[in-house]
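# Observations on the three-dimensional arrangement
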Amino acid sequence: MNDPREILAQMTLEEKAALCDGRDFWHLKGMDKYGIPEIMVCDGPHGLRKKDYEKTGSSLTASVGSICFPTAATTAASWDPDMLTEMGKALGKKCLKEKVGVLLGPGINMKRSPLCGRNFEYFSEDPVLAGELAAGFINGVQSMGVGTSLKHFCVNSQETRRMTVSEVVDERALREIYLTAFEIAVKKAKPWTVMNSYNRINEVHGSENKHTQIEILRNEWGFDGVVVSDWGAVNNRPLGLKNGNDLEMPSSAGSGTAKIVAAVQSGELDESVVDERALNVLKLIKKAADGAVDNYEYNDLDDQQLAREIAGKCMVLLKNEGILPLAKDKKIAIIGDMAKNPRYQGAGSSQINPTRIDNAFDELAALGFNLEYAPGYERSIKKAKKNPPLIKAAAELAAQCDIAVVFAGLTDDFESEGYDRQHMEMPASHNELIKEVAKANPNTVVVLAGGSPVEMPWIDSVKAILNSYLGGQAGGGAVADILSGNVNPSGKLPETYPISYGDTPAKNYYPGNMASVEHRESIYIGYRYYDKVKKTVAYPFGFGLSYTTFEYSDLAISASDISEDDTLTVTFKVKNTGDRAGAEIAQLYVADKESTIFRPEKELKAFKKVWLEAGEEKEVSLTLSKRAFAFYNTAVNDWTVESGAFDILVGASSADIKLTASVYVSAAPVKIPDYRQSAPVYYDGDMQTIPDEQFVAVLGRELPPTEYDPDSPVSITDCFESAMRTKNGRKMFNLLSKLVPAGFAQAIALQTPFRDFISMSGGVFSESIAEGLCKLLNGQKGGVRQILKGIPKAIAGVGPLLKQI
Ligand code: BGC
């Protein structure tokens, strides 16, 4: 492909605008006339979800077979960016083979609440950990000449009303919590694209947000790639283009293009903006075209072993009272359907069609264990209630064996894109099963599956818990490797496991109301909250056991007194004091001893996974710079260090600090917001119930409405749920709730704005039908007629549409 600037110079306004709109669901537009090839973008990111055009059905059900690695919640527990790079390279190869130019991931949204339905697709509650891991992954994929899409930018921490809700978040929390992971990944790995989120950020749509897309992403962080809308995240196309969004996906079937051209012609939009955006798209296409390789050879199964090793590096041993690894001479009851039919990924757009699925039962049998099996429960959510006969049979089997290993956790319906979990419990049948099995046999081990924390009412009655998370297609083998002791577990939790949902910081604010969700807890998510209020948790952030033991010693810092512009080198030693090789994840936290602004007790600033032979000792060296001591200062719109003493804490988890040093950092005096009078709750209060005026003080503006104006007419930016404010809207909502099965489909049907029905259907659902629908919902005359008029054309379009989704 020729130089993008040369091509751009020859293009008409219409052509440039057209380039900023996809060709279909999965392709960017090619233009033969200019030698611009058509590139393909596909979901993943723990595998590749490429539509199989040979098969009928949408890509959700008909995608090409792909290696399925563990999902991000799992790989995050590795704390190993290099491992993510290896995984990224493998996926890059798969993309080359399938002629995919951009892999749509990684997802790095912050885990604000354990209930977010998409937590399994995200890394962590900590931005430094998430950012470093994302950078590792992006570097891996992009080293193969394939692009990535860092998503969802930003503050997309819930599925409930994700397409319409406004995330009301103060600037400091936005910067320190919700943007830092993006910043690290953008600066360290330069993703080719960044994907907008659907939600509004402080009332402004992600795809129209000048503050996040232009002021921060491009101007501050120097991002020079393409900002692509999440599929259907475009609201006002010309405004979005102006405010930083380059590419509308999927195709708007020409309507976005027409709006851009009209806006330029009316003087509302400057043509130079279109030039800039089209150039970004051209550069992306060129990079992908240059990276493409003809007839690239790749066999997914060649990476089966890599997938198994990766899963083995991630699973977290939460508890072990001397029972693991399993002894070979014992009779073991394997209990739970998931032992034979593993849960290995979540649902929604990241769903991979795996090339093979290993299960723990067969893998343990292959290692020579003497096993018996009982299913223990039925899988489907409808049967999630207790099943006495299955539980009884499992308990009887457990009583006859030396050890019982129960495979339990979140079943498929609990974790999906599109909707959040309603509670933090496991299916009742699983809890009851574990309780009864542990009663029948005190030597009970639980292997948990799931992408997000669960309550564990049986925690004290079992001898060991292995959190296998969602291990991908080779996860069953990894579980067997760890249970047998062939692999020494080395994962640590990338998120806190609270005791119960009631303990979580956002429980009173999440998922908010119809129009908004308020981040009243501000910067206090995850361990930042539990530490601050000294709440006991089930398992702290950064926790994980090993079959060996480690000792930390010899902490040294390069200076005890530095200026804010100096770097500080922190060194210490870690020794494997046990008798088998293993890996330890050493974590470095920084604590501001005294500050004017409220701050967490400590924050993760660096970490290192160290592989050690039995008896081996290694020195770890980590470097801290200004940012490690700074907070985001809204008084000066910059990162500020307040002079004073800081503790340097080296630990095996956020709750297990092994070594401490102190450094004095001097900084230039600047104005620092002081909320001690206006919002004292953030210093030492109950963050679960922040009074209005204190949140307003930190937010710096009045609270936006939590509900839509009941008298405002329904428009195409509404969805069936928000249209409930009218009489017909309520009727329609109730009808659809009954007709469409609960879950992903229902969430899409009820919470997708009507404007998206138009754009995502490539115009099959026409603007006229949408207008008719609004009329109907508003009780105006002529709506039904208008809808019916458009139906024949819509029906004719459905077939071709389904072929491309
Ligand atoms: C998801 C994205 C995904 C896109 C394309 C959206 O609904 O939020 O993560 O990449 O669809 O499938």
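Here, every reference points to the structure presented above.
Given the structure is predicted, the values throughout are model-derived calculations rather than measurements.

### A word on the overall build of the protein
Summing up its helical and strand segments, the protein has 24 helices and 27 strands in all. In terms of its C-alpha atoms, the protein occupies a principal-axis envelope of roughly 75 × 65 × 55 Å. Going through the 805 residues of the protein one by one, you find that 64% of them count as buried. A separation of at least 24 residues holds for 76% of the contacts in the protein among residues at least 6 apart in sequence. Accessible area for the protein stands at about 28,500 Å²; split by element, carbon and sulfur atoms hold 50% of it. The averaged location of the 105 negative side-chain charges in the protein is 5 Å from the averaged location of its 89 positive side-chain charges.

### Things to note about unusual backbone geometry
Here the bond from Gly105 into Pro106 is cis, since omega is 10°, no more than 30 degrees from zero. Along the chain, the position of Pro106 falls in the loop between strand E3 (102–104) and helix H5 (127–142). In the segment running from Leu324 into Pro325, the intervening peptide bond is cis, with an omega of -5°. Structurally, Pro325 can be placed in the loop between strand E10 (316–320) and strand E11 (331–335). Despite not being glycine, Lys190 has its phi angle at roughly 45°, a positive value. Structurally, Lys190 is set in the loop between helix H6 (171–189) and strand E6 (193–196). Even without being a glycine, Ser522 presents a positive backbone phi close to 55°. The topology assignment puts Ser522 in the loop between strand E17 (516–518) and helix H16 (527–532). Note on Ser522: relative accessible area 0%, which makes it buried.

### Focus on a nonpolar patch on the surface
On the surface, Val784, Leu788, Ile791 and Ile795 cluster together into a nonpolar patch covering about 360 Å² of accessible area. Within the element layout of this structure, Ile791 appears in helix H24 (residues 783–804). Look at Ile791 and you get partly exposed, because its relative accessible area is 31%.

### Considering the packing of aromatic side chains
Counted according to the given criterion, the structure contains 22 aromatic pairs. Through successive ring pairs, a cluster of aromatic residues spans Trp79, Tyr527, Phe541, Tyr589 and Phe607. When the ring centre of Phe598 is taken as reference, the NZ or CZ atom of Arg172 above it lies at 4.7 Å. The ring of Trp639 is capped by Arg627, whose NZ or CZ atom sits 3.4 Å from the centre of that ring.

### Remarks on the sheet that holds strand E23 (residues 617–624)
Each strand in a sheet pairs with another by means of backbone hydrogen bonds, the pair being arranged parallel or else antiparallel. Here three strands make up an open sheet; going across it, the order is E18-E20-E23 and the pairing antiparallel. Pairing within the sheet leaves two strands with one partner each, and these edge strands are strand E18 (550–557) and E23. Neighbour-to-neighbour, the strand axes of the sheet open up by a mean angle of 20°, direction not taken into account.

### With respect to the environment of Leu788
The residue Leu788 is located in helix H24 in this model. When the C-alpha atoms of Leu788 and Gly772 are compared, they prove to be 8.8 Å apart, with 16 residues separating the residues in sequence.

### A few points about the site of the ligand
Taken together, 14 residues lie near the ligand, and Asp43, Arg118, His152, Tyr198 and Asp230 sit nearest. For the ligand, an oxygen atom lies 3.3 Å from a polar atom in the side chain of Arg162. The contact in question runs from an oxygen atom of the ligand to an N or O atom on the side chain of Asp230, over 2.6 Å. When the ligand is considered free in solution it has 310 Å² of accessible area, and contact with the protein chains removes 93% of it. Its residues assigned to classes, the shell around the ligand shows five nonpolar, two polar and seven charged.

### What to know about helix H13 (residues 388–400)
End to end, H13 covers 18 Å across 13 residues, agreeing with the expected 18 Å (1.5 Å per residue, within 8%). Restricting attention to buried positions, one finds in H13 the residues Ile391, Ala394, Ala395, Leu397 and Ala398. Viewed end-on, H13 has its buried residues packed into an arc of 160°, placing them on one side of the element. With respect to the buried face of H13, the exposed residues turned more than 90 degrees away are Pro388, Pro389, Lys392 and Gln400. The inward-facing, buried residues of H13 abut E11, strand E13 (370–374), strand E14 (403–409) and helix H14 (428–440).

Calculation criteria
Residues numbered from 1 in each chain as written. Predicted model: local features only at pLDDT ≥ 70, side-chain atom pairs only at ≥ 80, totals over all residues. Heavy atoms only, no water. Helix = DSSP H or I, 4+ residues; strand = E, 2+ residues; numbered from the N terminus. Buried < 20%, exposed > 50% of the residue type's maximum accessible area, 1.4 Å probe, protein only. Contact = heavy atoms within 4.5 Å. Areas by Shrake-Rupley, 256 points an atom, 1.4 Å probe, with all protein chains shown as cover. Lys, Arg positive; Asp, Glu negative; His and termini not counted. Charge placed at Lys NZ, Arg CZ, Asp CG, Glu CD. Patch = residues over 30% accessible without salt bridge, like charges linked within 9 Å, V, L, I, M, F, W, Y side chains within 5 Å. Salt bridge = Lys/Arg side-chain N within 4 Å of Asp/Glu carboxyl O. Phe/Tyr/Trp six-rings, centres within 6.5 Å; stacked < 30°, edge-to-face > 60°. Lys NZ or Arg CZ within 6 Å of the ring centre and 35° of its normal. Pairing = 2+ DSSP bridges. Axes fitted to C-alpha atoms, helices over the stretch in contact; angles between N-to-C directions. Near = heavy atom within 4 Å. Polar contact = N/O pair within 3.5 Å; in protein donor to acceptor, adjacent residues only side chain to side chain. Nonpolar A, V, L, I, M, F, W, Y, C, P; charged D, E, K, R; others polar. Expected span 1.5 Å × (residues − 1). Arc of directions from axis to C-beta.

What is shown is where atoms sit, not what they do.
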